[in-house]
Amino acid sequence: MRRPNVLITGTPGVGKTTLGKELASRAGLSYVNVGDLAKEGELYEGFDEEYDCPILDEDRVVDELEDRMSQGGVIVDYHGCDFFPERWFHIVFVLRTDNSCLYDRLESRGYTGKKLQDNIQCEIFQTLYEEAVLSYKKEIVHQLPSNTPEDLERNLDQIMQWIEQWMKDNN
């Protein structure tokens, strides 16, 4: 049985991991957090002193995921999307969060200074949405609000309906 690959992207702190894990559980799909995958496999090409974080080796991440993605049924969670092959995903969801809510979430994670400000600006300027629209067919890219528990539940219901329809149409 064919199963879709789903990309969940957005600025750090918008709720990708919460949504992705719950969606994988409900839909019976596998879940990949690219940050965790990179940490486990040490898929880095250096360290960014300014942002105090490792620099992802995108080519190694793609190599690591290629076989799993070709099998289908994978939910990928990452705050970037322009390096993934377009052929991998059947649908892309960009989570969006109000700036005041996002600020509080990032601050609670210990984000400060330039890292905090740049992530807020990323959300204000819709950077991840624009990246998704430039990287994938526009008709498969969807923005979803991610501010409240009610948004989470609505998003889960909406994506589950899409997955169920996709599976009916493709099997």
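Not measured: the values here are computed from a predicted model. (Residues numbered from 1 in each chain as written. Predicted model: local features only at pLDDT ≥ 70, side-chain atom pairs only at ≥ 80, totals over all residues. Heavy atoms only, no water.)

1. Re the environment of Ala27
Among the secondary structure elements, Ala27 is positioned in helix α1 (residues 16–27). The spacing of Ala27 and Gly72 is 45 residues in sequence and 13 Å in space, taken between C-alpha atoms. Aside from chain neighbours lying at most four places away, what touches Ala27 is Met160 and Ile163. (Helix = DSSP H or I, 4+ residues; strand = E, 2+ residues; numbered from the N terminus. Contact = heavy atoms within 4.5 Å.)

2. Remarks on the packing of helix α2 (residues 34–41) against helix α3 (residues 58–71)
Put simply, α2 and α3 touch, their axes get as near as 11 Å, and they point 100° apart. By the criterion of interaxial angle, the relationship of α2 to α3 is roughly perpendicular. Contacts between α2 and α3 pair Val34, Leu37 and Gly41 from the former with Arg60, Val61, Glu64 and Leu65 from the latter. (Axes fitted to C-alpha atoms, helices over the stretch in contact; angles between N-to-C directions. Parallel < 35°, antiparallel > 145°, perpendicular 65-115°, else oblique.)

3. Digging into the pattern of salt bridges
Opposite charge on two side chains allows them to pair when their charged atoms are near. Going through the model one piece at a time under the given rule, you end up with eight salt bridges. For Arg26, the salt bridge is made with Glu22, and the minimal N-O distance between the two is 2.8 Å. With Arg26 and Glu22 both in helix α1, this residue pair falls four residues apart, about one helical turn. Taking the relative accessible area as the measure of exposure, Arg26 reaches 36% and is therefore partly exposed. When its relative accessible area of 31% is taken as the criterion, Glu22 is described as partly exposed. Linked through salt bridges whose partners overlap, the residues forming this network are Glu22, Arg26, Glu153 and Asp157. (Salt bridge = Lys/Arg side-chain N within 4 Å of Asp/Glu carboxyl O. Buried < 20%, exposed > 50% of the residue type's maximum accessible area, 1.4 Å probe, protein only.)

4. Some points on the nonpolar core
By size, the foremost hydrophobic cluster in this structure holds 28 residues, and its most contacted members are Val61, Leu65, Phe84, Phe89, Val92 and Tyr136. Taken together, the elements giving at least two residues each to this core come down to α2, α3, β5 (74–77), β6 (91–96) and α6 (127–135). Tallying contributions element by element places α3 first for this core, with four residues. Discounting residues that sit within four places of it in the chain, Phe89 has contacts with Asn5, Val6, Leu7, Met69, Val76, Phe84, Tyr136 and Ile140. By size, the runner-up hydrophobic cluster in this structure holds 24 residues, among which are Val14, Leu29, Tyr31 and Ile75. (Core = buried A, V, L, I, M, F, W, Y, C linked by side-chain atoms within 4.5 Å.)

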